[in-house]
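What follows is the residue order along each chain.
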Amino acid sequence: MQIDTPRGPARVDLDEPEGPPTLLLVITHGAGGGVDAPDILAVRDAVVASGGAVARVTQPYRVAGRAMPGSATRPQDEAWSAVVTAVRARFPGVPLVLAGRSNGARVACRTARPLGADAVVALAFPLHPPGRPEKSRADELRATGVATLVVNGDRDPFGVPDPADATRLVVRPGERHDLAKDPAAVADAVVAWLTSALGG
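Keep in mind it's a predicted model, so treat the numbers as computed, not measured. (Residues numbered from 1 in each chain as written. Predicted model: local features only at pLDDT ≥ 70, side-chain atom pairs only at ≥ 80, totals over all residues. Heavy atoms only, no water.)

Turning our attention to the overall build of the chain. Broken down by element type, the chain carries six helices and eight strands. When its helices and strands are written in sequence order, the chain yields β-β-β-α-β-α-α-β-α-β-α-β-β-α. In terms of C-alpha radius of gyration, the chain reaches 15 Å, essentially the compact-globule figure of 16 Å for 200 residues. C-alpha atoms of the chain, sized along the principal axes, occupy 45 × 35 × 30 Å. Here the chain holds 200 residues, and the buried ones make up 52% of them. Considering only intrachain contacts with a sequence separation of at least 6, the fraction spanning at least 24 residues in the chain is 64%. Accessible area for the chain stands at about 8600 Å²; split by element, carbon and sulfur atoms hold 50% of it. Charged side chains of the chain number 22 positive and 22 negative; the gap between the two group centres comes to 6 Å. (Helix = DSSP H or I, 4+ residues; strand = E, 2+ residues; numbered from the N terminus. Rg over C-alpha atoms; globule rule 2.2 N^0.38 Å. Buried < 20%, exposed > 50% of the residue type's maximum accessible area, 1.4 Å probe, protein only. Contact = heavy atoms within 4.5 Å. Areas by Shrake-Rupley, 256 points an atom, 1.4 Å probe, with all protein chains shown as cover. Lys, Arg positive; Asp, Glu negative; His and termini not counted. Charge placed at Lys NZ, Arg CZ, Asp CG, Glu CD.)

So this is what it looks like as structure tokens:
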């Protein structure tokens, strides 16, 4: 499914459960990645199996063939907001969960409040550029305004957020930024937390 945004077309891969969905999770990729990353696919499978609908969003810059989004945050947030609004219209009355990995997690955090999300799932939140802990992005986590889960690896060169900056922090032993060592365990943590946070 293609959705037009102020920054060009985005692509949405939508997976739905057999019955009426219990929630809508909209998830996007990291800066140079795609929606077929192992952790994203594992989360999709687990959420759909538990009764949720999942929309995986390929951002316009990737659809257009660019490798990276650039440093400006506003274009990404504008495009993402347009996609989320369009997808959400298909699923009225269910909780909205914004999610992303790495750079996509930052987008989800920044837009959660204005989009009226019920929760945020941040996979491999990039707390700071590698080797630059003084460039912290913790303020983006603190500003979500909603229940927020962070799943990071303890060997992530982008750092691990402080537990106080999220509702729940899960630190996966032996994992790096790609969270590819045990994606199923990442997905299990996400579904367990969503069930608790959303009262399912």
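The structure having been displayed, the exposition proceeds.
Looking now at helix α6 (residues 183-197). For α6, which comprises 15 residues, the first-to-last C-alpha distance of 21 Å matches the rise-based estimate of 21 Å (1.5 Å per residue) to within 8%. Restricting attention to buried positions, one finds in α6 the residues Pro183, Ala185, Val186, Ala187, Ala189, Val190, Val191, Trp193 and Leu194. Summarising the contacts, the buried residues of α6 are in contact with β3 (24-28), α1 (38-49), β5 (96-101), β6 (119-123), β7 (147-153) and β8 (168-172). Just past α6, the residue glycine 199 takes up positive phi, approximately 70 degrees. (Expected span 1.5 Å × (residues − 1).)

For the structure on display, the rule yields 13 salt bridges. Between glutamate 140 and arginine 106 there is a salt bridge; the shortest N-O distance is 2.8 Å. With glutamate 140 in helix α5 (residues 138-142) and arginine 106 in helix α4 (residues 103-115), this pair connects stretches of sequence that are 34 residues apart. Side by side, glutamate 140 and arginine 106 carry an identical accessibility label, which is buried. (Salt bridge = Lys/Arg side-chain N within 4 Å of Asp/Glu carboxyl O.)

Strand order in this open sheet of eight strands is β1-β2-β4-β3-β5-β6-β7-β8, and the pairing throughout is mixed. Where the open sheet ends on each side, the last strands, each with one partner, are β1 (2-5) and β8. Taking the axes of each pair of neighbouring strands and ignoring which way they run, one obtains an average angle of 20 degrees across the sheet. Where β3 and strand β4 (residues 53-58) come together, five bridges link them in parallel fashion. Of the residues in β4, the one forming a bridge with valine 26 is alanine 55. Lying over the sheet, α1 contacts β2 (8-15), β3, β4, β5 and β6, oriented at roughly 155 degrees with respect to β4. (Pairing = 2+ DSSP bridges. Axes fitted to C-alpha atoms, helices over the stretch in contact; angles between N-to-C directions.)

Moving on, we get to the packing of helix α3 (residues 74-88) against α4. One way to put it is that α3 packs onto α4 with a least axis distance of 10 Å and a crossing angle of 65 degrees. Where α3 crosses over α4, the handedness of that crossing is right-handed. Taking contact as the criterion, the partners of Gln76, Asp77, Trp80, Ser81, Val84, Thr85 and Arg88 in α3 are, on α4, Asn103, Val107, Ala108, Arg110, Thr111 and Leu115. Its residues assigned to classes, the contact of α3 with α4 comprises five nonpolar, five polar and three charged. (Left-handed = near helix turned anticlockwise from the far one by under 90°. Nonpolar A, V, L, I, M, F, W, Y, C, P; charged D, E, K, R; others polar.)

One way to put it is that α1 packs onto α6 with a least axis distance of 8 Å and a crossing angle of 45 degrees. As the angle between them shows, α1 and α6 are arranged oblique. Our pair here, α1 against α6, has a crossing hand that is right-handed. Residues Pro38, Asp39, Ala42, Val43, Ala46 and Val47 of α1 lie in contact with α6, whose contacting residues are Pro183, Ala184, Ala187, Val190, Val191 and Leu194. The class makeup of the residues in the contact of α1 with α6 is 11 nonpolar, no polar and one charged. (Parallel < 35°, antiparallel > 145°, perpendicular 65-115°, else oblique.)

Everything listed is a geometric property; what it means functionally is a separate question.
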